[in-house]
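Fold and geometry: a report
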Amino acid sequence: MLDTDRLFPLEPKARDLARALYREVSRLPIISPHGHTDPRWYAENEPFPDPAQLFVVPDHYVFRMLCSQGIPPEKLGVARIDGGTSETDSRAIWRLFAENFYLFRGTPSRGWLEHAFEHVFGLTKRLGPDTADEFYDHIDDCLKRPEFRPRALFERFNIEVIATTEDPLDDLKWHRQIRESGWTGGRVITAYRPDPVVDPDFEGFAENVEKLGAITGLDTTNYDQYLDAHRMRRAYFRKFGATSTDHGHATARTEDLPKAEATALFEKALKGACSADEADAFRGHMLTEMARMSIEDGLVLQIHPGSFRNHSSTMMARHGRNVGFDIPVQTSYVEALRPLLNAVGMDPALSIILFTLDETVYTRELAPLAGAYPSLKLGPAWWFHDSPEGMRRYREMTTETAGFYNTVGFNDDTRAFCSIPARHDVARRVDCAYLATLVTTGRLDEDEAPEVARDLTYNLVKRAYRL
Amino acid sequence: MLDTDRLFPLEPKARDLARALYREVSRLPIISPHGHTDPRWYAENEPFPDPAQLFVVPDHYVFRMLCSQGIPPEKLGVARIDGGTSETDSRAIWRLFAENFYLFRGTPSRGWLEHAFEHVFGLTKRLGPDTADEFYDHIDDCLKRPEFRPRALFERFNIEVIATTEDPLDDLKWHRQIRESGWTGGRVITAYRPDPVVDPDFEGFAENVEKLGAITGLDTTNYDQYLDAHRMRRAYFRKFGATSTDHGHATARTEDLPKAEATALFEKALKGACSADEADAFRGHMLTEMARMSIEDGLVLQIHPGSFRNHSSTMMARHGRNVGFDIPVQTSYVEALRPLLNAVGMDPALSIILFTLDETVYTRELAPLAGAYPSLKLGPAWWFHDSPEGMRRYREMTTETAGFYNTVGFNDDTRAFCSIPARHDVARRVDCAYLATLVTTGRLDEDEAPEVARDLTYNLVKRAYRL
Amino acid sequence: MLDTDRLFPLEPKARDLARALYREVSRLPIISPHGHTDPRWYAENEPFPDPAQLFVVPDHYVFRMLCSQGIPPEKLGVARIDGGTSETDSRAIWRLFAENFYLFRGTPSRGWLEHAFEHVFGLTKRLGPDTADEFYDHIDDCLKRPEFRPRALFERFNIEVIATTEDPLDDLKWHRQIRESGWTGGRVITAYRPDPVVDPDFEGFAENVEKLGAITGLDTTNYDQYLDAHRMRRAYFRKFGATSTDHGHATARTEDLPKAEATALFEKALKGACSADEADAFRGHMLTEMARMSIEDGLVLQIHPGSFRNHSSTMMARHGRNVGFDIPVQTSYVEALRPLLNAVGMDPALSIILFTLDETVYTRELAPLAGAYPSLKLGPAWWFHDSPEGMRRYREMTTETAGFYNTVGFNDDTRAFCSIPARHDVARRVDCAYLATLVTTGRLDEDEAPEVARDLTYNLVKRAYRL
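Let us look at the structure shown here.

What counts and how
- Residues numbered from 1 in each chain as written.
- Chains lettered and ligands numbered in written order.
- Predicted model: local features only at pLDDT ≥ 70, side-chain atom pairs only at ≥ 80, totals over all residues.
- Heavy atoms only, no water.
- Helix = DSSP H or I, 4+ residues; strand = E, 2+ residues; numbered from the N terminus.
- Rg over C-alpha atoms; globule rule 2.2 N^0.38 Å.
- Buried < 20%, exposed > 50% of the residue type's maximum accessible area, 1.4 Å probe, protein only.
- Contact = heavy atoms within 4.5 Å.
- Areas by Shrake-Rupley, 256 points an atom, 1.4 Å probe, with all protein chains shown as cover.
- Lys, Arg positive; Asp, Glu negative; His and termini not counted.
- Charge placed at Lys NZ, Arg CZ, Asp CG, Glu CD.
- Pairing = 2+ DSSP bridges.
- Axes fitted to C-alpha atoms, helices over the stretch in contact; angles between N-to-C directions.
- Buried area = accessible area lost by both parts, 1.4 Å probe.
- Salt bridge = Lys/Arg side-chain N within 4 Å of Asp/Glu carboxyl O.
- Nonpolar A, V, L, I, M, F, W, Y, C, P; charged D, E, K, R; others polar.
- Polar contact = N/O pair within 3.5 Å; in protein donor to acceptor, adjacent residues only side chain to side chain.
- Least-squares fit on C-alpha atoms with pLDDT ≥ 70 in both.

Across its full length, chain A holds 20 helices and nine strands. Computed over C-alpha atoms, the radius of gyration of chain A comes to 22 Å, within 12% of the 23 Å expected from 2.2 N^0.38 for 467 residues, which places it in the range of a compact globule. Oriented by its inertia axes, the alpha-carbon framework of chain A measures out at about 65 × 60 × 45 Å. Within chain A, the fraction of its 467 residues that count as buried is 66%. In chain A, 76% of the contacts between residues at least 6 apart in sequence involve partners at least 24 apart. Surface exposure of chain A reaches about 15,600 Å², of which carbon and sulfur atoms provide 48%. For chain A, the centre of its 56 positive side-chain charges and the centre of its 71 negative side-chain charges are spaced 2 Å apart.

Attention now moves to the sheet that holds strand β9 (residues 376-378) of chain A. All names here are of chain A. One open sheet holds the four strands; their spatial order is β4-β5-β8-β9, and the pairing between them is parallel. Looking at which strands have only one partner, the edges of the open sheet turn out to be β4 (244-247) and β9. Taken pair by pair, the neighbouring strands of this sheet meet at an average axis angle of 25°, ignoring direction. Here β4 pairs with strand β5 (residues 300-303) via four bridges, running parallel.

So, on to the interface of chain B and chain C. Many analyses report the size of an interface as the accessible area lost when the parts associate. At the junction of the two partners, chain B supplies 43 residues and chain C supplies 46 residues. Roughly 3,900 Å² of surface becomes buried between chain B and chain C when both sides are summed, with 52% attributable to carbon and sulfur atoms. Contact with chain C buries surface across chain B, with M346(B), R364(B) and E400(B) losing the most and accounting together for 18% of the total. Counting the contacts that link chain B with chain C gives ten salt bridges. Notably, a salt bridge pairs R364(B) with D358(C), separated by 3.0 Å at the nearest N-O pair. Residue assignment for the side of chain B that touches chain C shows that the elements contributing at least two residues are α16 (338-344), α17 (361-370), α18 (388-402), α19 (419-440) and α20 (449-464) of chain B. The class makeup of the residues in the side of chain B that touches chain C is 17 nonpolar, twelve polar and 14 charged.

All right, on to helix α4 (residues 60-68) of chain B then. Residue and element names in this part refer to chain B. Within α4, nine of the nine residues are buried, which leaves the element mostly enclosed by the surrounding structure. Residues of α4 that are buried include every one of H60, Y61, V62, F63, R64, M65, L66, C67 and S68, and no others. Two or three places before Y61, at the start of α4, stands the capping residue D59, its side-chain oxygen 3.0 Å from that residue's backbone nitrogen. G70 lies just past α4 and shows a positive phi near 95°.

Another point: the relation of the copies chain C and chain A. For the pair chain C and chain A, the superposition axis carries a translation of 0.0 Å, the fit reaches an RMSD of 0.0 Å, and the rotation angle comes to 120°. Here the copies are linked by what is in effect a three-fold axis. A share of only 7% of interface residues in chain C that are also interface residues in chain A marks the association as one of differing surfaces.

Okay, structure coming up:
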């Protein structure tokens, strides 16, 4: 059974206060403005296949931990792309997972999983070799029932709005199907992630740009029309609810190049002739162009830099992308963001949400930048830092310089559907614990704390993402 | 009303001990060895004009936070240098500030302001739209009374000594006037900050060097005489109490160049012909020359590196320097300081105080360096880190390697006069909390803690700054 | 007297739990898989000379702190290598140390020293000028007694196994003597540290490689035979118990060069003709070669990067190496380790233990890498971070991503024999405090914590080092 006071401060007065603050926010609806759930789930509303397919096979947090202890991902059902075979017996996968569940001690994955086991499936024992089958049978049985289909869970999770992430070449057919289905229980929106058509290093970049032309009816090999094609697709995405764009570049570099130079780089990129530096410059320039379009159309711009993708070439060859081998690297923002900020950063119509995988920049770079520029806000603790300690450090390292009101609430950023309520719950608890500590150490008045708690949980995210 | 136990540990025994330690140090005089108050205040002893001019207009901590939320600084009275107009109605400025006071929740600015409101002006309500006028009228009324003039506040603040910061071209006339006034209530000293005449990138560098020649009667275009001019001005500053120099370079780079090379760089700098790297090298070389002069004349050398000044060119064009857009950058010290340290770093007659805006260097670089070299001491948590969390991290990340006795007490480093007692109070509370935690976790004996508390508050700063 | 609850959480329930967990592990045997004690001590079993020679003269943690306060190391008996004289009166050294013992307030050295004074020598007063002679006489008296000889202390310290560190040119005669002596009280093993014969920048590199040839009977100027010579020496070291190799490079760079290129670099290195970058590349390539040999022979590979050795050239000239002037520098692992990891990193037969002096990489690089690659494990908090705060940060910054089971227990890594039980005790206490905090905040079940505590103390280190 989960401890109802988990993640709260230990000292009794602070714990009482955290508990009271948590009561204010624990039942507020979930706003999930950025994530990677599959819109097809909500469109088709088919049952999730089985416990292993729900909790293990698609979750790189889970299988990378077992991989790190010498268990090959294919034994956990992770598909091979090189012709190798993977385990297909879901019960065998589940048992292997259960045997190794002790590896998750002290990790947020453990917390998310147990939250889902208890709150979604009513399972209060501990998963292990002896309970593996009991868990499997019970979850499998549940999944066959209508109240465990995606839309039912969506409503039960009290999700007010969720954003998925699609690229400009996506026709958004699942989003269309959701809208046309007449479902009133949930608001599912898209977000514009143009990496495949702005990143010269993306596989198939030139073809992607060509497809963008085909979709928009423009000659996207012409730089001006290429920019117009973005404008058209952004407008199309806005029809399906998009309020934001998202950019997952390797660095936070921005550029504001003269048009001739940008055009030349773009043409070079289409030929696959860019150097690594030129590709980075083009991506950086496109961030500034996207910011200009954001001023026009109001889409909020999210920057998610600093991941070294597919670090292991062995794993990339065997299993492809998104298998837990994306590793954060040192990322700097101060000089990197300056071209964009000097171009448009003082415009209060622009809203940029900055994320980081490099916690050293919180006090040094991000809080000072967001605490000065009207266009900048701080995204929440992200990915590896989406954890109790990571969230605590985030508040401790950003609040004093940037305050609460330059932050944007929580993002779950997940593909793991059942972890959504768990993740939001962790964020609410950690924020309440932080606020309780501020109050009990005389840094915030007790009567202000509930308002801040509600802002951090619900109001700031709606305002920041224009929802 | 401020919580009298603010910033103390929550656990009762640790809180009791912190309270007892704080009683030992809370009334010790303030030693303020580095800061940016205006000596003219103490010289002329004129009343501060009004609440907005005292608390809002000159304080970039305050107006940058409102700027970050889309309120243009000119609406807060911050002067335009580009011909634009700024708000001049102080009551309007104050109301705008009060309406947005909630933005400072969780920030040290909130704590400093409320400390001043309560302790200096006796105001115990919370500032907000509904209390804005009440605050304004009361403070405005106070400021007209003699006991709120600068010298009276200085004495009431229990300041034993305060240093201001002047450049070599300053004639120190306010300091002269203070001395000649016969005021016995306070010791105001200067500090030697030669950036305008050692930094080739400083605006007007060559002219500044020329003026230095005019002041000293030396041919400062000659490198030897240029160095002598520094010696003369240092001696002059020492007459007005200076015990330290201060250097605000972009990096911590030092050099110890052969004389011919230094001379050539200097001549190139006078012509404005230095590359960025050469300018950095010359600044770095001058740090070593300054260290040599410090061995001669005993001035303590302070290094404050790592700020990217005037990050927004828009703001620089509109409002000029010091408007909250100086952003910290990654700074490294280990190789950077080596030329200076190899030249003079083992000389116990030399005292260098190192500051940082990059907290990652505390455990990795600064504590190991200061814990080995006899010439090095660690300055306190600075600027963005002059906050409860910043100060806690500072102690947690420096004490284990450098101990307490390679640190130098607290600097307020402020222009905001009324924040001085508040800032020192925060430092004393955080240090007492840290010591109480060490004692209650068996890392320091209870009978030693009061002595350490007094050292951190009063003795170390006097010793380190030779006051 | 030491506080029996030292380093435990303050809140009563968490403290009780930490105490209970500590009782589970406090008396488990010490496994010391990496360190720098002198095998001669265990071979000859001669008395330690006197208190100053035991606690002050060989311990750079101790004399660097006094040096940082202006006391020249020669006054503490640290040998000059430049013909200068050093203090030889051990009582005078001890008194100087005692007078300055207050400098260690808040440092781990203070804790280690007091643990040794109390637990090894029964001294419960505080060391200071007034107790200096009493301490000296008592310790000196003890050291003459058989129960204070190295082997007796080894047994009393409850050390199950200790590794020393030797280079490939060492004949391991002390290890041989230990084995031949028939001593059954302790297991002393060696570890293979090939820096002198793999680092082109190591003093005497070419001669060292030549000696390696003489020892192995191979032509080590030939690259193939040079590699074979390593294989032979590794086999020889394994005879004396070695289960690991150790590599103390300046950076974490690895390379996997084509053979022709490696051969050419090696030949250039032998001629002393490598550039700094080429030397670094060769060292990096040799890490990959060592990893390949590890797959063959099972030795665990330790990487200890990121120390700028002998930072002060003055100190190097006066006193030589290892006098407290090795300073950590920023270190990056993600791109640096990639050549090695792409060559052999997915092989579960390979075990690499990564250390760092740059704590910023814990959450950003090391935990994500170790939480994915089967070959990687995280070494404990090292050197400057081998302290209560350092260990706490280590757990807080690695557990959430890498879990407990990608860590390897504690290393004391020390030359200071009497500090070994103290250091292991600190690690056990900090781990129990961390686990108690996880349990009381609902992140770990109470019934799991004792098992994890035993794993962190005893099981993981034995498994990771294959002991």
